[in-house]
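Coordinate analysis (summary)
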Amino acid sequence: MLSARRLEVVIAVIVVVLDQVTKAMVRPALALHESREVIPGFLDLTRVHNTGAAFGMLNGVDFPFKTVVLSFVAIIALSGVAWYALTVPLSDRLARMGIAAVLGGAIGNLIDRASAGYVLDFVDAYWNGWHFWVFNAADAAITVGVVFMILDILGLGKRFQERTSVNASHPV
């Protein structure tokens, strides 16, 4: 069985690879702003370039060395999350899996920003006039990771651990 830290590295690497592979598939398949319907009324693939920060903030703002500045900010944030990961006890498995997903997603988006000057987004979800931001696999991993961390803070991870350790010590 993989050690806890090794599993976290594997999760982060899987997220980065999945993110980069899906983006590599979208680049030749869709031109900028081109859209293809996948599930009518719910999901399209739409290629957009996010030159800003999360959720397109600063997308319409241009300033000298914007890519360098945003990459530097992303590296600082990534370093902060990595440092935080080192402080979370190994027993907090749900939080640690969440942190691994966040790190993988942040690295995937940083690769785009540093190499292309933008983050490639393409998953376009909508319903009944409500339209979510276009996102990618890295963004999805970050979101799921944050949800895992919140659930751990709310005690779900500890309750699950207690239940599984009780079941392991009292087999049926």
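Along each chain, numbering runs from 1 in the same order as the chain's sequence is written. For a predicted model such as this one, the threshold for reporting local features is a pLDDT of at least 70, and the threshold for listing and counting side-chain atom pairs is 80 or more; totals across whole chains, interfaces and linings nevertheless cover every residue. The side-chain values count all of the structure's non-hydrogen atoms but skip hydrogen atoms and water molecules.

Focus on the packing of helix α1 (residues 4–29) against helix α3 (residues 93–116)
Relative to each other, α1 and α3 sit at 35 degrees, their axes nearing to 8 Å. Helix-helix and strand crossings are classified by hand; for α1 and α3 the assignment is right-handed. Contact residues: Arg5, Leu7, Glu8, Ile11, Ala12, Val15, Val16, Asp19, Gln20, Lys23 and Arg27 in α1; Arg96, Met97, Ala100, Ala101, Gly104, Gly105, Ile107, Gly108, Asn109, Ile111 and Asp112 in α3. Looking at the contact of α1 with α3, its residues break down into 10 nonpolar, five polar and seven charged. Between N-to-C directions, angles cover 0 to 180 degrees, with each direction set by a line fitted to C-alpha atoms, over the stretch in contact for helices. Runs of H or I in DSSP of at least four residues are treated as helices and runs of E of at least two as strands, each being numbered from the N terminus. For a crossing to be left-handed, the near helix must be turned anticlockwise from the far one by less than a right angle; the clockwise case is right-handed. Contacts are assigned to residue pairs with any non-hydrogen atoms lying within 4.5 Å of each other. Residues are grouped as follows: Ala, Val, Leu, Ile, Met, Phe, Trp, Tyr, Cys and Pro are nonpolar; Asp, Glu, Lys and Arg are charged; every other residue, Gly included, is polar.

Description of the packing of aromatic side chains
Two rings from Phe, Tyr or Trp (for Trp, the six-membered ring) form a pair when their centres are within 6.5 Å of each other. A pair whose planes differ by under 30 degrees is stacked, one over 60 is edge-to-face, and the rest are tilted. Taken as a whole, this structure holds three aromatic pairs when the rule is applied. Ring geometry for Phe132 versus Trp133: centroids 5.3 Å apart, planes at 80 degrees, classification edge-to-face. Buried means the residue's accessible area, taken with a 1.4 Å probe over protein chains only, is under 20% of the maximum for its type, while exposed means over 50%, and partly exposed covers the values in between. Using a relative accessible area of 30% as the deciding quantity, one classes Phe132 as partly exposed. Exposure remark for Trp133: the relative accessible area of 48% places this residue in the partly exposed category. Ring geometry for Phe132 versus Phe135: centroids 6.0 Å apart, planes at 80 degrees, classification edge-to-face. Judged by its relative accessible area of 21%, Phe135 falls in the partly exposed class. Feature note: the residues Trp130, Phe132, Trp133 and Phe135 constitute an aromatic cluster, connected by ring pairs.

Some words on the packing of helix α2 (residues 66–87) against α3
Direction vectors running N to C along α2 and α3 enclose 165 degrees, while the axes themselves pass 10 Å from each other. Relative to α3, the element α2 lies roughly antiparallel. In this structure, α2 crosses over α3, and the sense of that crossing is left-handed. For the pair α2 and α3, the contacting residues are Thr67, Leu70, Ser71, Ala74, Ile75, Leu78, Val81, Ala82, Tyr84 and Ala85 in the first and Arg96, Ile99, Val102, Leu103, Ala106, Ile107, Leu110, Arg113 and Ala114 in the second. Here roughly perpendicular refers to angles of 65 to 115 degrees, roughly parallel to angles under 35, roughly antiparallel to angles over 145, and oblique to all remaining angles.

Things to note about the layout of surface pockets
Each cavity reported here is a set of points on a 1 Å grid over the protein atoms alone in which a 1.4 Å probe fits but cannot get out, each pocket an open set with protein on both sides within 12 Å along at least five of seven lines, and each lining residue one with an atom within 4 Å of a point. Grid points are joined across faces, edges and corners, and a volume is the space filled by probe spheres set on the points. Roughly 190 Å³ of volume is contained in the second largest pocket. Contributing to the lining of the second largest pocket are Arg5, Glu8, Val9, Ala12, Ala82, Ala85, Leu86, Arg96, Ile99, Ala100, Leu103 and Ile107. At the level of secondary structure, the elements contributing two or more residues to the lining of the second largest pocket comprise α1, α2 and α3. Classifying every residue of the lining of the second largest pocket by side-chain character gives nine nonpolar, no polar and three charged.

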